[in-house]
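What follows is each chain in one-letter form.
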Amino acid sequence: MNSLNSASTLETHLETQTVIYPTLQYLVRFLPWDSKRVFDHLREECKHNPFIVENSDFHTSEVLLDDILPHWYSPIAQELSLSEHLLGQISALSIPSRQREALTYLTQWLSNSGYLEETPEVWADGSIWSAKELENVVPILQSLDPPGIGTRSLQECLLVQLKDQPESLVFLLVKNYLEDIANCIGNTSESKHNCQVLLQKLNQNINVDIDKITNAIHEIQELEPRPARNFGGSDAPIVTPDLKVELIAGSWQISLAYEVKQRFCLNSEAIKLLQESPKSRRDTQQLETLLQKARNLLTALQQWQENLLKVGQFLVERQQAFLQSRDKLDLVSTPQQLVAQSVGLSNSTVSRIVRGRHILVCNQHSQIIPLHSLCVPVGVGGRTSQQIQQMLLQLIAEESPANPYTDEQLAQLLKIRFCLPITRRTVTKYRKIAGIKSSHQRKLTDK
């Protein structure tokens, strides 16, 4: 009797394995993919599998990475790469060779849009230049063609293009009323009302009418919001965020930005026809295999989205302060191992989920950020790298110019002031990352 039970259990186990194993295969394949790639894969599957269909009633839209483009923008790609275009200009500049090399190095930090990413401290990390040296060549980079290259925001990009007309209404609108301008575009009653509101604001300081505002907005629309978009032979990649967070009742709440599972479902008509067909036919077995594949795919898709939400929810709960301030000093140490333990997934699964995936932060200035940026490795004493650098800057700001702190003294002060156990060697490492000179160099500079 026991042997019969064992055989029955084994048979059930093997049967379960045949169903689960293909599902796991699909799940592992989906984990590192973003929503757009998963969607494309399922859409391709629909062409060959009659049992899975796309829900035509579901609509979505794509969002551009780190940059919301005006709706009037329509780029034209060129064959020349941005790097080639800039290096040709840099080589012709009459500047010291060290500046020229620093400028060339800085071009590596340009995004596909032409904006400078990260901070001077990050640029300098691991390079032969200090953060100050690299920051000093930014204006030179911004003087190159295309106009607006090397800027840090849409507003700065437009202002650089308007630098020759600083007294104009156009310059004033971009500098002080950029958000108001966005609300004035269009022919709806709401946009016309917003124009009147903007007119009232402006008339408190200068005398303008609605026609002047309209003409100025048209001029702004003709500016280039993404200087590098026309280079490289292809458009900058478009990224569909998998998750989005919104501030609701004082707390950041997460949800799926793009529910791929809602786009696809089993074809009930095809299943009904299969059930009514003769069971002896060979092609019926092939169809049953396709039906099982469709079920496995949709099950894996459901698990993929559930795992993504689990990881995203944990990270958002940990990084509430950062999402509110967008200050990297507010990031809480959250290594991937901690995420895995907390949500009940393996380290490799969490790594696949956060790598190459993005999250849309919805607020007044919506932005898309990499999900992995919320997984901050543990530094010394549980502090992040940015926090340790900030502590060092604070201590050095208080030191005597005639007798600056050595790295050994800084290590002692960090232990006393911030309860941070740290070695001299580690202080040296973070001091260099922050672009801070040695005590000897600081003393010579102050003299």
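Sequence order as written defines residue numbering, which begins from 1 separately in each chain. Confidence filtering applies because this is a predicted model: local features only for residues at pLDDT of at least 70, side-chain atom pairs given and counted only at 80 or more, and all residues used for totals across whole chains, interfaces and linings. Hydrogens and water molecules were not included; the side-chain quantities draw on all heavy atoms of the structure.

A. Spotlight on helix H13 (residues 268-276). Listed as buried for H13 are Ala 270, Ile 271 and Leu 274. All buried residues of H13 project into a common sector of 100 degrees when viewed along the axis, lining one side. Seen from the open side of H13, the exposed residues pointing more than 90 degrees away from its buried face are Ser 268, Glu 269, Lys 272, Leu 273, Gln 275 and Glu 276. Looking at where H13 begins, the residue whose side-chain oxygen comes 3.2 Å from the main-chain nitrogen of Glu 269 is Asn 267. Exposed residues in this analysis have more than 50% of their type's maximum accessible area, buried residues have under 20%, and partly exposed residues fall in between, with area computed by a 1.4 Å probe over protein chains only. Segments assigned H or I by DSSP are reported as helices when at least four residues long, segments assigned E as strands when at least two residues long, and all are numbered from the N terminus. Arc definition: it is the arc formed by the directions from the helix axis to the C-beta atoms. For the purposes of these results, a polar contact is taken to be a pair of N or O atoms within 3.5 Å, where, inside protein, one atom must be able to donate a hydrogen and its partner to accept one; residues adjacent in sequence count only when each atom of the pair is a side-chain atom.

B. Structural view of the packing of aromatic side chains. Classification of ring pairs rests on two measures: the distance between centres of Phe, Tyr or Trp rings, Trp counted by its six-membered ring, which must be within 6.5 Å, and the angle between planes, read as stacked under 30 degrees, edge-to-face over 60 and tilted in between. Tallied over the entire structure, the rule returns 3 aromatic pairs. Taking the centre distance of 5.9 Å and the plane angle of 50 degrees together, the rings of Phe 30 and Trp 33 count as tilted. Comparing Phe 30 with Trp 33, the two get one shared label, buried. In this structure, Lys 429 is placed above the aromatic ring of Tyr 430, and the distance from its NZ or CZ to the ring centre is 5.1 Å. Both a distance and an angle decide whether a charge sits over a ring: NZ of Lys or CZ of Arg must be within 6 Å of the ring centre and within 35 degrees of the ring normal.

C. Local environment of the sheet that holds strand E2 (residues 243-248). Strand order across the open sheet formed by 4 strands is E3-E2-E5-E6, with mixed pairing between neighbours. For this open sheet the edge positions go to strand E3 (251-256) and strand E6 (367-370), each flanked by a neighbour on one side alone. On average, adjacent strands in this sheet sit at an angle of 30 degrees to one another, irrespective of strand direction. Here a strand pair is declared whenever DSSP counts at least two bridges between the two strands. Bridging between E2 and strand E5 (residues 358-362) involves 4 bridges; their strand directions are parallel. Considered in E5, the bridge of Leu 243 is made with Ile 359. Whenever a helix is involved, its axis is fitted only over the stretch in contact; in every case the axis is a line through C-alpha atoms, and angles between N-to-C directions fall within 0 to 180 degrees.

D. Representation of the side chain of Gln 305. With respect to the helices and strands, Gln 305 occurs in helix H14 (residues 282-318). For Gln 305, a relative accessible area of 5% puts it in the buried group.

E. Molecular detail of the pairing of E3. Burial of E3 is one-sided: the residues Trp 252, Ile 254 and Leu 256 facing one way are buried, the residues Ser 251, Gln 253 and Ser 255 facing the other way are not. Here E2 runs beside E3; their pairing, made up of 6 bridges, is antiparallel. Residue Val 245 lies in a different strand from E3, and its bridge partner there is Ile 254. The antiparallel hairpin formed by E2 and E3 contains 2 residues in its connecting segment, where Ala 249 sits at a positive phi of about 55 degrees.

F. Structural detail: the nonpolar core. Counting 50 residues, the largest nonpolar core has Phe 30, Val 311 and Leu 371 as the members making the most contacts within it. No other element matches the 12 residues that H14 contributes to this core. Any two residues having at least one pair of non-hydrogen atoms within 4.5 Å are treated as being in contact. Ignoring anything within four residues of it in the chain, the contact list for Val 311 reads Val 339, Val 343, Leu 345, Val 350, Ile 353 and Val 354. We define the nonpolar core as a collection of buried residues of types Ala, Val, Leu, Ile, Met, Phe, Trp, Tyr and Cys that are connected through side-chain atoms lying within 4.5 Å of one another. Ranked by size, the runner-up nonpolar core spans 23 residues in total, among them Leu 116, Ala 131, Val 138 and Leu 144.

Honestly, that's just the spatial picture; any functional story needs more than this.
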